[in-house]
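# Examining the three-dimensional arrangement
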Amino acid sequence: PVGRPGRVPRGRVSGAGREPYSRGASRPCMVFVRDEGSVYDAPLDVVWEFFGSGQPHSDAHRHRSVRREKISASSGSYSWEQDFRGESAHFTMRWTSFAPVGLGYEVLEGPFAGSKFFLFYTPQGARTGVTVVGEFTSPTIPAARVAEAVDEFFSTEFEQDRAAIRERMRHR
């Protein structure tokens, strides 16, 4: 399990490739990450409803300067600012929904620009499993630290989502 003092373990981070690798001389170093075993205490329909809620989902993450653009019925872009690793960071991601299986993301701007990842959701009765699989890079984080930064980012995102989903379930 991914566990550090003072942090709730989320799941299991693995992957042949926690070490940076190159996809060619002119391409940045990449880190392959697979994080599985995290669970939301809500059924899949509630999780999807929350992720599609717009402002309530943004508020759960304390995102600032939020901008959403719908590209099609199942895709769009999302841009925001948030605190990350002690500094304000700007993120822009293009997303595609493959409901109810998951979401695909391409990171266009921010600490993980150039990264691509998928979030898969697995129904488990009254709970929903979540798995992150992706190839990550960074224009600002040293290659040897990218996996750690990805873990930190998703740990925070997951815990904020989990708290908001739990609150949503209490008011159903």
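This write-up is about the structure you can find in this document.

Cut-offs and rules
- Residues numbered from 1 in each chain as written.
- Predicted model: local features only at pLDDT ≥ 70, side-chain atom pairs only at ≥ 80, totals over all residues.
- Heavy atoms only, no water.
- Helix = DSSP H or I, 4+ residues; strand = E, 2+ residues; numbered from the N terminus.
- Buried < 20%, exposed > 50% of the residue type's maximum accessible area, 1.4 Å probe, protein only.
- Axes fitted to C-alpha atoms, helices over the stretch in contact; angles between N-to-C directions.
- Parallel < 35°, antiparallel > 145°, perpendicular 65-115°, else oblique.
- Left-handed = near helix turned anticlockwise from the far one by under 90°.
- Contact = heavy atoms within 4.5 Å.
- Pairing = 2+ DSSP bridges.
- Phe/Tyr/Trp six-rings, centres within 6.5 Å; stacked < 30°, edge-to-face > 60°.
- Salt bridge = Lys/Arg side-chain N within 4 Å of Asp/Glu carboxyl O.

### Looking at the environment of Asp-151
With respect to the secondary-structure elements, Asp-151 resides in helix α3 (residues 146-170). A relative accessible area of 5% places Asp-151 in the buried class. Along the sequence, Asp-151 and Asp-35 sit 116 residues apart, while their C-alpha atoms lie 8.5 Å from each other.

### As for the packing of helix α1 (residues 44-51) against α3
At a closest axis distance of 11 Å, the pairing of α1 and α3 adopts a crossing angle of 115 degrees. On the basis of the axis angle, α1 is roughly perpendicular to α3. Considering only the axes of α1 and α3, their crossing is right-handed. Two secondary-structure elements touch here, α1 through Val-46, Val-47, Glu-49, Phe-50 and Phe-51 and α3 through Asp-161, Ala-164, Ile-165, Arg-168 and Met-169.

### Examining the pairing of strand β5 (residues 75-84)
Among the 10 residues that make up β5, 8 are buried, leaving the element largely enclosed by the rest of the structure. Note that strand β4 (residues 64-72) and β5 share 6 bridges and pair antiparallel. Its bridge partner lying in β5, Arg-64 is registered against Glu-81. The turn joining β4 and β5, which pair antiparallel and follow one another in sequence, is formed by 2 residues. The turn linking β5 back onto strand β6 (residues 87-98) is made up of 2 residues, and Arg-85 within it adopts a positive phi angle of 55 degrees.

### A look at the packing of aromatic side chains
Applying the stated criterion to the full structure yields 19 aromatic pairs. Arranged with centres 5.2 Å apart and planes meeting at 80 degrees, the rings of Phe-153 and Phe-154 form a pair that is edge-to-face. Taken individually, Phe-153 and Phe-154 each receive the classification buried, so the pair is uniform in this respect. Taken together, Tyr-78, Trp-80, Phe-84, Phe-91, Tyr-105, Phe-112, Phe-117, Phe-136, Phe-153 and Phe-154 form an aromatic cluster joined through their ring pairs.

### Considering the pairing of strand β7 (residues 102-109)
Across 7 bridges, β6 lies against β7 in antiparallel orientation. From the neighbouring strand, Ser-97 faces β7, where its bridge partner is Leu-103. What sits between the antiparallel neighbours β6 and β7 is a turn of 3 residues. Bridge count between β7 and strand β8 (residues 116-124): 5 bridges; the pairing is antiparallel. The residue of β8 that forms the bridge with Gly-104 is Phe-118. The hairpin formed by β7 and β8 contains 6 residues between the paired strands, and Gly-110 there has a positive phi angle of roughly 115 degrees.

### A closer look at α1
The buried fraction of α1 amounts to 6 of the 8 residues, a majority that puts the element mostly inside the structure. Within α1 the residues assigned to the buried category are Leu-44, Val-46, Val-47, Trp-48, Phe-50 and Phe-51.

### Some details on the pattern of salt bridges
Tallying each qualifying case throughout the model produces 10 salt bridges. With its nearest N and O atoms 3.1 Å apart, the salt bridge here joins Arg-85 to Glu-152. Taken together, the residues Arg-85 in the loop between β5 and β6 and Glu-152 in helix α3 connect sequence positions 67 residues apart. For Glu-167, the salt bridge goes to Arg-170, with nearest N and O atoms at 2.8 Å. Here Glu-167 and its partner Arg-170 are both found in helix α3, 3 residues apart, which amounts to about one turn of the helix. For Glu-167, a relative accessible area of 31% corresponds to the partly exposed category. When salt bridges that share partners are traced, they join Arg-85, Arg-145, Glu-148 and Glu-152 into one network.

This is a description of form; function is not addressed.
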